[in-house]
Amino acid sequence: MTDDAIIEVRGLVNRFGAQTVHQDLDLQLKRGEILGVVGGSGTGKSVLLRSIVGLRQPTGGSIRVFGEDLLALPADQRSHLERRFGVLYQRGALFSSLTVTENIALPLIEHAGLSRADAEHLAEVKLALAGLPSNAGDKYPSELSGGMVKRAALARALALDPDILFLDEPTAGLDPIGAAAFDQLIRTLRDGLGLSVFLVTHDLDSLYTLCDRVAVLGQKRVLVADRLEVVAATDDPWIHDYFHGPRGRAAKHAASGPAGGH
């Protein structure tokens, strides 16, 4: 495992019955980077994320996180390590019967052993980190806009002060202004909290404005994982269509304008 790799996936295999989604897939997440993971439909982007965070047992291969072999750890050690992950699921996955504050306080009560009062106080801090007004905490998820649900889910993902943030299509369903604001928030959090970010997305604007490296899934493996300009120049039909089509050109142009870029 290289010094700066915080996650190292080697030879990963994922099968569902007769269908092989991943075969000998290799990928690294480096410490402090924002890695964008893209690929066509059915390439197993979410399956890869779920394998790393412990929601799916892979068919084969190894996953090392913080130098530990995740798949070989005893359950209690693995659970302890997985608390260093913050996960934002595709649709937020908040409990509809709990207020936003209660949603964020829950992992603090369950895993950190805090009293309800302390957990809810800390939840307010996390809400502020995620850019939500304090009165949002009293609302139920159904009372929030799509963008606010994403931020509430992000606040919950940050509850246990994770080292790694996993984001599954975080800007899906947001308007362009809301998506851009969310991207900016992720970068601010990465810089301020020293997070490493594993970002599954199809949002070209996110790739151009946010990601240090991009990994492209295809043919059951990672086709390329590198800086965006290297990835975009890779000789592969899907990569070419994705990055050099009208939307790819527009995202590149927007990122290279006065307000864009790193």
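Rules of the game
- Residues numbered from 1 in each chain as written.
- Predicted model: local features only at pLDDT ≥ 70, side-chain atom pairs only at ≥ 80, totals over all residues.
- Heavy atoms only, no water.
- Buried < 20%, exposed > 50% of the residue type's maximum accessible area, 1.4 Å probe, protein only.
- Helix = DSSP H or I, 4+ residues; strand = E, 2+ residues; numbered from the N terminus.
- Pairing = 2+ DSSP bridges.
- Axes fitted to C-alpha atoms, helices over the stretch in contact; angles between N-to-C directions.
- Salt bridge = Lys/Arg side-chain N within 4 Å of Asp/Glu carboxyl O.
- Contact = heavy atoms within 4.5 Å.
- Core = buried A, V, L, I, M, F, W, Y, C linked by side-chain atoms within 4.5 Å.
- Parallel < 35°, antiparallel > 145°, perpendicular 65-115°, else oblique.
- Nonpolar A, V, L, I, M, F, W, Y, C, P; charged D, E, K, R; others polar.

Considerations on helix α1 (residues 45–53)
In step 1: The buried fraction of α1 is high, at seven of nine residues.
In step 2: Among the residues of α1, those classed as buried are Lys45, Val47, Leu48, Leu49, Ser51, Ile52 and Val53.
In step 3: Backbone geometry just downstream of α1 places Gly54 in the positive-phi region, at approximately 95°.

Examining the sheet that holds strand β7 (residues 164–168)
In step 1: Overall, mixed pairing links the six strands, which are arranged β6-β7-β8-β3-β9-β10 in an open sheet. Each edge of the open sheet carries a strand with a single partner, namely β6 (85–88) and β10 (221–226). Averaged over all pairs of adjacent strands, the angle between strand axes in this sheet comes to 15°, irrespective of strand direction.
In step 2: Bridge analysis of strand β3 (residues 34–39) against strand β8 (residues 196–200) gives four bridges, and the strand direction is parallel. Along β8, the bridge assignment pairs Ile34 with Val197.

Some details on the pattern of salt bridges
In step 1: A complete count under the given rule lists 11 salt bridges for this structure.
In step 2: Between Arg213 and Glu33 there is a salt bridge whose closest N-O contact spans 2.8 Å. Separated by 180 residues along the polypeptide, Arg213 in strand β9 (residues 213–218) and Glu33 in the loop between β2 (19–30) and β3 bring together distant segments of the chain. In this structure, Arg213 and Glu33 share a single accessibility class: buried.
In step 3: As a salt-bridge pair, Glu102 and Arg116 come within 2.9 Å of each other at their nearest N and O atoms. Of the two residues, Glu102 sits in helix α3 (residues 100–110) while Arg116 sits in helix α4 (residues 116–129), which places them 14 residues apart along the sequence.
In step 4: Look at Glu102 and you get partly exposed, because its relative accessible area is 22%.
In step 5: Via salt bridges that share partners, Glu102, Arg116 and Glu120 belong to a single interconnected network.

What about the environment of Ile186?
In step 1: Note that Ile186 resides in helix α6 (residues 176–193).
In step 2: Exposure remark for Ile186: the relative accessible area of 2% places this residue in the buried category.
In step 3: C-alpha of Ile186 to C-alpha of Leu71: the two residues are 115 residues apart in sequence and 29 Å apart in space.
In step 4: When near neighbours in sequence (up to four residues on either side) are disregarded, Ile186 contacts Ile34, Leu154, Leu165, Leu167, Val197 and Leu210.

Observations regarding the nonpolar core
In step 1: The biggest cluster of nonpolar side chains holds 50 residues, and the ones touching the most others in it are Leu154, Leu165, Ile186, Val214 and Phe243.
In step 2: Ranked by the residues each element gives to this core, the list is headed by helix α5 (residues 146–157), at six residues.
In step 3: Among all residues touching Leu154, those that are not within four sequence positions of it are Leu88, Ala130, Leu165, Leu167, Phe182, Leu185, Ile186 and Leu189.
In step 4: In this structure, Leu35, Leu49, Phe85 and Leu217 belong to the second largest nonpolar core, which totals 28 residues.

A look at the packing of helix α9 (residues 237–244) against helix α10 (residues 246–256)
In step 1: Closest axis-to-axis distance for the α9/α10 pair is 4 Å, and the angle between their directions is 55°. Considering the angle they form, α9 stands oblique to α10. The segment α9 lies against α10, with Tyr242, Phe243 and His244 engaging Pro246, Gly248 and Arg249.
In step 2: Split into classes, the residues belonging to the contact of α9 with α10 amount to three nonpolar, two polar and one charged.

Thoughts on the pairing of β3
In step 1: Of all the six residues making up β3, six are buried; the element is thus mostly covered by neighbouring parts of the structure.
In step 2: Burial along β3 is two-sided: the face carrying Ile34, Gly36 and Val38 and the face carrying Leu35, Val37 and Gly39 are both buried.
In step 3: Two strands pair when backbone bridges link them, and β3 and β9 are joined in this way by five bridges, in the parallel orientation. Looking at the pairing, Val38 lines up with Val216 of β9.

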